[in-house]
Every structure is written in structure tokens, then in C-alpha cells.
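Architecture and fold: a report
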Amino acid sequence: MQDVSSLAAQAREGRPRAVARLISLVEGASPQLREIMATLAPLTGGAYVVGLTGAPGVGKSTSMSALVTAYRKQGRRVGVLAVDPSSPFSGGALLGDRVRMSEHASDPGVYIRSMATRGHLGGLAWAAPQAIRVLDAAGCDVILVETVGVGQSEVEIASQADTCVVLLAPGMGDGIQAAKAGILEIGDVYVVNKADRDGADATARELNHMLGLGEARGPGDWRPPIVRTVAARSEGVDEVVEALEKHRAWMEEHGALHRRRLARAAREVEAIAVTALRERIADLHGDRRLSTLAEGIVAGRLDPYRAADELVAGLTEG
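Cut-offs and rules
- Residues numbered from 1 in each chain as written.
- Predicted model: local features only at pLDDT ≥ 70, side-chain atom pairs only at ≥ 80, totals over all residues.
- Heavy atoms only, no water.
- Helix = DSSP H or I, 4+ residues; strand = E, 2+ residues; numbered from the N terminus.
- Buried < 20%, exposed > 50% of the residue type's maximum accessible area, 1.4 Å probe, protein only.
- Contact = heavy atoms within 4.5 Å.
- Core = buried A, V, L, I, M, F, W, Y, C linked by side-chain atoms within 4.5 Å.
- Phe/Tyr/Trp six-rings, centres within 6.5 Å; stacked < 30°, edge-to-face > 60°.

Under an unreviewed UniProt entry, the protein chain has the name Methylmalonyl Co-A mutase-associated GTPase MeaB and belongs to Streptomyces doudnae.

Here is the structure:
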């Protein structure tokens, strides 16, 4: 068993080995998970969480690395959570963004962690909320979360981040099609990366047009900006940071940041409760209560919904 209090104290001091151990315990659903979360809870709330998402090939990892450099120039501690597709063999992260962000590996003010989705839909690993909390408790000022390529179902990052950045690139063929798949509803800041390529102006124009066709916004509402970058040369990155800071200031002024964090906490509690309930139901396979309810359905004495209500009532009472 790990000394959780000691690990938390070491993580707060910025010791990467302690941070790594805590995230590993969280990711592995350690029996000490509840103790870890209880210990870290008073230490959280200071980090600003920025999510980056977009179709494969738009330059998310390069943009992430450039943002880390920009924030470090401001003297901020940065945590990076790079969520990669899972290897079908080991279940581990397949791409390993730490390789692509090696320039920051020796910086004590940057902590980089790759996490595997392990089949979890939504673009995030199931343990990502807890890993974000670990980085927050470890004293990171900014936490950058990069998801796997976005698609119809992979917009979960919007529910985990304070600000969501959607990246597109010209010449991708389906850049705006990807936007149509759902990410137009989640972006707080839009970035057209690789803006030195042909078609960048057209991509920005089409994106601006589509955003204009979206939900109606009042005079005081946030209007997502479109920023053009060439992340490989760090061009436009300062403008992205400026857009992020403006969005944070707007949310704080209008109470939106608090509301977003409240909604995030509520979803997390709900997910934990549903998972616990699902585990208890899984333990019922072969249980007489489940067999009795199934017999009632087959005999026509019960409908499936009434049977499910009885099962849930029995579980919650137990």
C-alpha cells in the first residue's frame, strides 16, 4: 500500500515521480482510489484546463508543444495529458505523445503523461477526470488535454475542459465535415493550423460562415474567435494564448466558469455512481433475485421496466 499523504505532498512540491505514481494508481483503479481523491480534493481548483481536439493530422501535438512553450515563457507550470488510442495488444497508449514533446521532457515545470483510451468512447480515457485532478493538486497552473481525433461521438473533451480549442487544417478534405459532426457546438476557440498552406483562407471563411449559422448569440455572449497558426514555426501561438485568456476572463466575469465546473463535478459524481451500480448489477449474474425477475417477465407477470425498477430498488436498499 502506498502512503497517499506523502505522495500528495511530494506531488505538490512538483516531484514528477510522485505525480506519475498517483496517476498510475488512478488509471489502474487502485483500491486506494477513494483515499487518493479525498486527500487531493482540498488541493484542487487552481488549474485552468484547456482541451485540444480535432481530426487526425491537423497538428494537435505540435500545437500542444507550442502552447507549452508559450505558457512556460510566462512562468506557468504546465501539465499535459495526451490521450492516445489504445494498443489492441497491450491496452497501452499507442502513439505516445511524450515522444513528440521530447523538447519539454527535461523541464521541471512541465509534466507530460500519455493515457490510453482503452476502448472508451468520447475521445478521453475513463480515468482522465481523476488524472486532471492529480495534475491540479500537483500545482499545475494550466492543464492541456489533447484527445484522439474527434468524430461524431468524440466530443467529451467539452465536458472536461474550462476552454475547448478545436483545430482544423486546410487540405484535409474533411476538415469542415469533421466540424459538422459535432465539434461546432463545443469549440470556444477555433484554430486553423498549417495556415501557410493553400486553402487556409477558404477554411477560415467556411468555418466563420458555419459558426454564423449556428446558435443565436446575444450582444454579451462569447463569440468563438478563429485564429490562424503555423504551430511548427510557433506562428500565431501567442494569439491563441491571448484568445484563451480572453475566454477565461469572459467566463469569470459572467459566472460561466463556475457553472461549467459545477456541471463537470455533477457529471463526474453521476458517472461514478452509475459505474458502482453497474458493478453491483454485474455481481448479480446467477443471483436468485435476477432469475426470479426474469421468470416473471417470461411468464407475463412483469414487464422489463418494472423488473428493472425492482432490481434497482433492491440494490440501493442493499
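Picking up after the structure, the text goes on.
Structural notes on the overall build of the protein chain
When its secondary structure is counted, the protein chain shows 13 helices and 7 strands. With 318 residues in all, the protein chain has 47% of them scored as buried. Within the protein chain, contacts between residues separated by at least 24 positions form 74% of all contacts whose residues are at least 6 apart in sequence.

Thoughts on the nonpolar core
Among the nonpolar cores identified, the biggest contains 31 residues, and Val-50, Leu-52, Leu-144 and Val-165 are the most heavily contacted of them. Among residues more than four places away in sequence, those in contact with Leu-144 are Val-50, Leu-52, Met-64, Leu-67, Val-68, Tyr-71, Val-78, Gly-79, Val-80 and Leu-81. Ranked by size, the runner-up nonpolar core spans 30 residues in total, among them Leu-7, Ile-36, Leu-81 and Ile-132.

Some points on the packing of aromatic side chains
Scanning the entire structure with this criterion turns up 1 aromatic pair. Ring geometry for Trp-222 and Trp-250: centres 6.2 Å apart, planes at 50°, overall tilted. Note that Trp-222 is positioned in the loop between helix H9 (200-213) and strand E7 (226-228) and Trp-250 in helix H10 (residues 237-254), a separation of 28 residues in sequence. Given a relative accessible area of 17%, Trp-222 falls into the buried group.

Describing the side chain of Asp-162
Its place among the elements puts Asp-162 in the loop between helix H7 (157-160) and strand E5 (163-168). Taking relative accessible area as the criterion, Asp-162 reaches 0% and is therefore assigned buried. Setting aside anything within four residues of it in sequence, one finds Asp-162 in contact with Ala-47, Tyr-48, Val-49, Asp-188, His-247, Met-251, Leu-257, Arg-260, Arg-261 and Arg-264.

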